[in-house]
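# Remarks on the overall topology
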Amino acid sequence: MLSNQPLLYWLLGYEAQRKRAWARAPEGALKDFLAVSFPEPDTPLNDIEILSVDFETTGLHAINDKLLSVGFIGIKQQQISLKDSYHQIIKTKDDLSADNVIIHQITDQQKEQGAPLKEVVEALLKALAGKVMLVHFARIERQFLQQACLELYGVAPPFPMIDTLMIAKRQLDKKDVAYDPSELRLSTLRHAHGLPNHFAHNALNDAIATAELLMVQVSEMSDNNSLKLHDLLL
């Protein structure tokens, strides 16, 4: 849990970044997203709308590689909302390596029939306005989404995030026992929490899997009835 001073830094920092980015953003989806204030960090978790998001990419480097697909699903009052789900493959000029295709199962033919990057990013920004993004391993989603916004709008905005990997890491660190980093993988954590196997490396499936993991993580926290947003934020 954050103390009052870091909490103040978080609020002022993200809100100040949002306002500066809004002032620089061109008219359109990004400016509309940035026009909505981020939820305040002391808001009870039950009052927060969350969007669980996952990306499949052509590689791990946001500058050199590209977004390949986006999946997301909404969470309201700690309930996963299947009607608020989305999955879309993105058309990109990058050739897909055989090793990459084996992982995400997206072929060059499917990629060629995908939607333009701008259309997919706009759909994500519209769905994300006023919500907090949920991910597993925030570095990938944050860097790729900021890079996409930079390419499309000339602005790399802030994105407050909840990261199920970091929640798990904090819990393991409290035990003060050595652990293997592989224990922080999404599939491994789901198994450890008694969740069923899922079809991984599909953006929507992974977004749902991450949402389910968060629900279990929250339920196992001793103070889950009084949890606030800042208890889970990065």
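A brief report on the enclosed structure follows.

Parameters and conventions
Residues numbered from 1 in each chain as written. Predicted model: local features only at pLDDT ≥ 70, side-chain atom pairs only at ≥ 80, totals over all residues. Heavy atoms only, no water. Helix = DSSP H or I, 4+ residues; strand = E, 2+ residues; numbered from the N terminus. Buried < 20%, exposed > 50% of the residue type's maximum accessible area, 1.4 Å probe, protein only. Contact = heavy atoms within 4.5 Å. Areas by Shrake-Rupley, 256 points an atom, 1.4 Å probe, with all protein chains shown as cover. Pairing = 2+ DSSP bridges. Core = buried A, V, L, I, M, F, W, Y, C linked by side-chain atoms within 4.5 Å. Axes fitted to C-alpha atoms, helices over the stretch in contact; angles between N-to-C directions. Parallel < 35°, antiparallel > 145°, perpendicular 65-115°, else oblique. Left-handed = near helix turned anticlockwise from the far one by under 90°. Nonpolar A, V, L, I, M, F, W, Y, C, P; charged D, E, K, R; others polar. Polar contact = N/O pair within 3.5 Å; in protein donor to acceptor, adjacent residues only side chain to side chain. Phe/Tyr/Trp six-rings, centres within 6.5 Å; stacked < 30°, edge-to-face > 60°.

Check the secondary structure of the chain and you find 9 helices and 5 strands. When the elements of the chain are put in sequence order from the N terminus, they spell out α-α-β-β-β-α-α-α-β-α-β-α-α-α. Across the 234 residues of the chain, 48% fall into the buried class. Residue pairs in contact within the chain that sit at least 24 positions apart in sequence constitute 66% of those at least 6 positions apart. On the chain, roughly 12100 Å² of surface is accessible, and the fraction owed to carbon and sulfur atoms is 52%.

If a strand is regular, its side chains alternate between the two faces of the sheet. Here strand E4 (residues 132–135) shows two buried faces, one formed by Val132 and Leu134 and the other by Met133 and Val135. As paired strands, strand E1 (residues 49–57) and E4 are joined by 3 bridges and run parallel to one another. In the strand pairing of E4, Ser52 is matched with Leu134. Bridge count for E4 against strand E5 (residues 161–163) is 3 bridges, and the pairing is parallel. Bridging across to E5, Val135 finds its partner in Asp163.

This next bit is on the nonpolar core. Nonpolar side chains in soluble globular proteins tend to be buried together. With 37 residues, the main nonpolar core has Leu30 and Phe159 as its most contacted residues. Going through the elements one at a time, helix H1 (4–24), helix H2 (29–34), E1, strand E2 (67–76), helix H5 (117–128), E4 and helix H6 (138–153) are the ones with two or more residues in this core. Apart from residues no more than four positions distant in its own chain, Phe159 is found in contact with Tyr14, Phe33, Leu125, Leu128, Met133, Arg142, Leu145, Gln146 and Cys149. Ile48, Ile50, Leu134 and Ile162 belong to the second-largest nonpolar core, a separate cluster that totals 19 residues.

Our focus in this paragraph is the packing of H5 against H6. Put simply, H5 and H6 touch, their axes get as near as 11 Å, and they point 120° apart. The pairing of H5 with H6 is recorded here as oblique in orientation. Relative to H6, the crossing made by H5 is left-handed. Judged by residue contacts, Leu117, Lys118, Val121, Glu122, Leu124 and Leu125 of H5 engage Leu145, Ala148, Cys149, Glu151, Leu152 and Tyr153 from H6. For the contact of H5 with H6, the residue count by class is 9 nonpolar, no polar and 3 charged.

What follows deals with the sheet that holds E4. The 5 strands are arranged E3-E2-E1-E4-E5 in an open sheet whose pairing can be described as mixed. Lying at the two open borders of the sheet, with one neighbouring strand each, are strand E3 (79–89) and E5. Strand-to-strand twist in this sheet, taken as the mean axis angle between neighbours without regard to direction, amounts to 25°. Its contacts with the sheet place H6 against E1, E2, E4 and E5, and it is angled at close to 80° to E1. Set on the sheet, helix H7 (residues 164–174) makes contact with E4 and E5; between it and E5 the angle comes to about 55°.

Right, let's get into the side chain of Thr43. Mapped onto the elements of the fold, Thr43 is located in the loop between H2 and E1. For Thr43, a relative accessible area of 18% corresponds to the buried category. Here the side chain of Thr43 touches Glu40 through a polar contact of 2.7 Å, landing on its backbone oxygen. Among all residues touching Thr43, those that are not within four sequence positions of it are Ile48, Lys228 and Leu229.

Right, let's get into the environment of His61. Looking at the secondary structure, you find His61 in the loop between E1 and E2. Considered as a pair, His61 and Gln143 are 82 residues apart in the sequence and their alpha carbons are 8.4 Å apart.

Summed over the entire model, instances satisfying the criterion amount to 4 aromatic pairs. Relative to Phe38, the ring of Phe33 lies with its centre 6.3 Å away and its plane at 55°, an arrangement referred to as tilted. On the basis of relative accessibility, which here comes to 8%, the residue Phe38 falls in the buried class. Considering the side-chain rings of Phe72 and Tyr86, the 4.8 Å spacing of their centres and the 10° angle between planes classify their relative orientation as stacked. Taken as a pair, Phe72 in strand E2 and Tyr86 in strand E3 lie far apart in primary sequence, 14 residues in all. With respect to class, Phe72 is no different from Tyr86; both count as buried.

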